[in-house]
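# Report on the structure
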Amino acid sequence: MTLKSNAISSTSQTYIYEYGADGIFRGKPSGYFFPLDNTYIDELTAIWPREAIRQQGLVTDQRELDAYRLSDQLIAVASTVGIMPTDAPVPLTFVRETTLLEFQLAGRNVAGLGIVSLILELELDGSTPTAFWAYCGNENGHAQLILPAGTAIEAPDGYMIGRIRGSDGADYTIIMEATDITLQAGTKYVITLTPRGYDMLGSVGIGGWIQEIESGIAIPFVQPVPNTDGDYLVQTAAQLITMSYLIRHYTDGTTIQWPDKRYILSEDLDLTDEEAQQYIPVPASLFNGKVTQDGEEVTSIIYGDGQVLELFDENQ
């Protein structure tokens, strides 16, 4: 986190903060403290990972989970002007500065198979071709590779760009359909690989990159998505956890009236036991809105093997 205050004049100070399982950022080893005067913060910017790691350059081998996580780059700039000592939290909405390639297998001959390794050759900014190893530890069997925004994929029809190994032990060459695309920040590009003998034909589609809590980059403001009716869609565990956070903390009327909104839970919403433990029930006395799922108002949801998560605390 980097901040500039009226007391620091034109200089900035940088602090390292760590996001805990309780949903709070804490200084490591210590964070910023306001002095006992009229000091306020003019600008506050938070980044992931910290600058020292960013300066080490792009991680090309993302096979290990830690390397994959550190390849991601996020930034948040506080919208609050003149931050003073207060009990009210400062909203930090993180946006991605990177882009994601996700590889999936499709076709009758690969039904049920996953990707256990994937290597890809790309040129960055017209430089020497570079080999990138993707992360293949996802439960859905997909491979993922994080790249800088602005990376271009240019391939003539039938051009070989890499190799994969399936969970059946078979190796395949990745060849591309004619492709000319520049990757944009915060966007996920899904490359569907379809078998052609010992080749895999790749085609590219584009979708939103939704931050999920299990990805390991913990961000408190993965907000529910507003629809055209002014309601808010909750499609992931991270958004459900944040829904509770917003309702519990933003009650002073200076921002969106989160306790009064209607939240629509996806029919496919599911949680792990760990995610369910991170959810803090909303005090029932605080909530004036409505939570619905499949068209019905709900006060709890079913997840996992039939466990029940209570969304509200009736004793508060």
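Above this note sits the structure.
I will try to describe carefully the structure that is included in this document. None of the values given here were measured: they were computed from a predicted structure.

### A closer look at the overall build of the chain
Looking only at helices and strands, one finds four helices and 26 strands in the chain. Buried positions account for 39% of the 316 residues belonging to the chain. Sequence-distant contacts in the chain: of pairs separated by 6 or more residues, those separated by 24 or more amount to 61%. As presented, the chain carries roughly 17,000 Å² of accessible surface, and 48% of it is formed by carbon and sulfur atoms.

### Notes on unusual backbone geometry
Omega for the peptide link from Lys28 to Pro29 comes to 5°, which places this bond in the cis form. Looking at where Pro29 falls in the secondary structure, it is placed in the loop between β4 (25-27) and β5 (41-48). In the segment running from Trp48 into Pro49, the intervening peptide bond is cis, with an omega of -15°. Topologically, Pro49 is positioned in the loop between β5 and α1 (51-54). Phi at Asp294 is positive, roughly 55°, even though this residue is not glycine. By the secondary structure assignment, Asp294 is in the loop between β22 (290-293) and β23 (296-297).

### Notes on the pattern of salt bridges
Within the structure shown, the criterion is met by six salt bridges. Residue Asp72 pairs with Arg96 through a salt bridge whose shortest N-O separation is 2.9 Å. With Asp72 in the loop between α2 (65-71) and β6 (74-77) and Arg96 in strand β7 (residues 95-96), the pair connects residues that are 24 residues apart, well separated along the chain. Look at Asp72 and you get buried, because its relative accessible area is 1%. With a closest N to O distance of 3.3 Å, Asp231 and Arg262 form a salt bridge. Of this pair, Asp231 sits in the loop between β18 (225-226) and β19 (232-234) while Arg262 sits in strand β20 (residues 262-265), placing them 31 residues apart in sequence. Looking at Arg262, the relative accessible area reads 34%, which means it is partly exposed.

### Some words on the packing of aromatic side chains
All chains considered together, the criterion is met by five aromatic pairs. Ring plane angle 15° and centroid distance 4.7 Å describe the contact between Tyr68 and Tyr135, whose orientation is recorded as stacked. Note that Tyr68 is positioned in helix α2 and Tyr135 in the loop between β10 (130-133) and β11 (143-148), a separation of 67 residues in sequence. Taken together, a centroid distance of 5.2 Å and an interplanar angle of 35° make the contact between Phe287 and Phe312 tilted. On the criterion of sequence distance, the pair formed by Phe287 in the loop between β21 (282-283) and β22 and Phe312 in strand β26 (residues 312-313) is long-range, its members being 25 residues apart. Residue Phe287 is classed as buried on the basis of its relative accessible area, which comes to 11%. Exposure remark for Phe312: the relative accessible area of 14% places this residue in the buried category. Stacked on the ring of Trp133, the Lys or Arg Arg63 has its end atom at 4.0 Å from the ring centre.

Reading the values: the criteria
Residues numbered from 1 in each chain as written. Predicted model: local features only at pLDDT ≥ 70, side-chain atom pairs only at ≥ 80, totals over all residues. Heavy atoms only, no water. Helix = DSSP H or I, 4+ residues; strand = E, 2+ residues; numbered from the N terminus. Buried < 20%, exposed > 50% of the residue type's maximum accessible area, 1.4 Å probe, protein only. Contact = heavy atoms within 4.5 Å. Areas by Shrake-Rupley, 256 points an atom, 1.4 Å probe, with all protein chains shown as cover. Salt bridge = Lys/Arg side-chain N within 4 Å of Asp/Glu carboxyl O. Phe/Tyr/Trp six-rings, centres within 6.5 Å; stacked < 30°, edge-to-face > 60°. Lys NZ or Arg CZ within 6 Å of the ring centre and 35° of its normal.

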